[in-house]
Amino acid sequence: VWSRGTFDHLHTLNVRSCHISSLATVLALGQTLPQLTTLCLSDNPLQLLIHNDDNNDDTHSMIQIQQDLAHAFARLECLDVSECHLPSADEFQLFSQLPHLQSLDWDDNPLSVLPPRPERDGPYFPRLRHLQLAGTQIATWSDCEAGFHDLPQWQSLRLHGTPLQRHESH
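What counts, and where the lines are drawn
Residues numbered from 1 in each chain as written. Predicted model: local features only at pLDDT ≥ 70, side-chain atom pairs only at ≥ 80, totals over all residues. Heavy atoms only, no water. Phe/Tyr/Trp six-rings, centres within 6.5 Å; stacked < 30°, edge-to-face > 60°. Buried < 20%, exposed > 50% of the residue type's maximum accessible area, 1.4 Å probe, protein only. Helix = DSSP H or I, 4+ residues; strand = E, 2+ residues; numbered from the N terminus. Arc of directions from axis to C-beta. Contact = heavy atoms within 4.5 Å. Salt bridge = Lys/Arg side-chain N within 4 Å of Asp/Glu carboxyl O. Core = buried A, V, L, I, M, F, W, Y, C linked by side-chain atoms within 4.5 Å.

A. Up close: the packing of aromatic side chains. Counted by the stated rule, this structure contains 5 aromatic pairs. On the basis of an interplanar angle of 80° and a centroid distance of 5.0 Å, the ring pair of Tyr124 and Phe125 is categorised as edge-to-face. One exposure class covers both Tyr124 and Phe125, and it is buried. Between Phe148 and Trp154, the aromatic rings sit 4.3 Å apart at their centres with planes inclined by 10°, giving stacked as the arrangement. In this structure Phe148 comes out as buried when scored by relative accessible area, which is 10%. Its relative accessible area of 31% is what places Trp154 among the partly exposed residues. One aromatic cluster is present, built from ring pairs that chain together Phe92, Phe95, Trp106, Tyr124 and Phe125.

B. Looking closely at helix α4 (residues 142-149). Among the residues making up α4, those that are buried are Cys144, Gly147 and Phe148. Considered in projection along α4, the buried side chains sweep an arc of 100° and stay on one side of the axis. Away from the buried face of α4 by more than 90 degrees, exposed residues Ser142 and His149 are located. Contact partners of the buried residues in α4: β5 (130-132) and β6 (156-158).

C. Summary view of the pattern of salt bridges. Enumeration over the complete set of coordinates arrives at 2 salt bridges. The shortest N-O distance in the salt bridge between Arg16 and Glu83 comes to 3.1 Å. Residue Arg16 is located in the loop between β1 (12-14) and α1 (23-32), and its partner Glu83 is located in the loop between β3 (78-80) and α3 (89-94); the two are separated by 67 residues in the primary sequence. The exposure class of Arg16 is partly exposed, given its relative accessible area of 38%. A salt bridge links Arg158 to Asp107, with the nearest nitrogen and oxygen atoms 2.7 Å apart. Of this pair, Arg158 sits in strand β6 while Asp107 sits in the loop between β4 (103-105) and β5, and the two are 51 residues apart along the sequence. What makes Arg158 partly exposed here is its relative accessible area of 35%.

D. The arrangement of the nonpolar core in detail. Counting 45 residues, the largest nonpolar core has Leu41, Leu69, Leu79, Val81, Phe92, Phe95 and Leu104 as the members making the most contacts within it. Contributing elements (two or more residues each) for this core: α1, α2 (55-72), α3 and α4. Apart from residues lying up to four places away in sequence, Leu104 is in contact with Leu79, Val81, Phe92, Phe125, Leu128, His130, Leu131 and Gln132.

By themselves these figures say nothing about function.
Structure follows, in structure tokens:
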């Protein structure tokens, strides 16, 4: 990416549609830009998890990735991963330990359920206040209700264009 120190004062980075796909590149951004408070990765074909047949390896990998992301993005407050084709609740949970994350834009990813806090210890979106899930596949309130109970600071939610909204009538 860049040499450390070159962009020490950079707080906001928008790399929308830059063909970023690997976890290594995402981590390199955070390690090289330690002052980032706002990051837009929108519309990149991110592949953050590689699923193995052995679930124990996946769990260990997830915990390690969560820790790596929390370390690399220790100051991040706003994250936009809309339109990144992130397919599952596992990818959503990867960002759950970011210590200062207040706003998460998950729009237009095929998430179908807001996952509850995993049983293992550690923070779970400790400062998340604003969550955007527009254009996801969340179809019922029960698809996300358990996850909402685990967000201690949650204040706002955007669900525009979800199957939930299309089925509700007012």
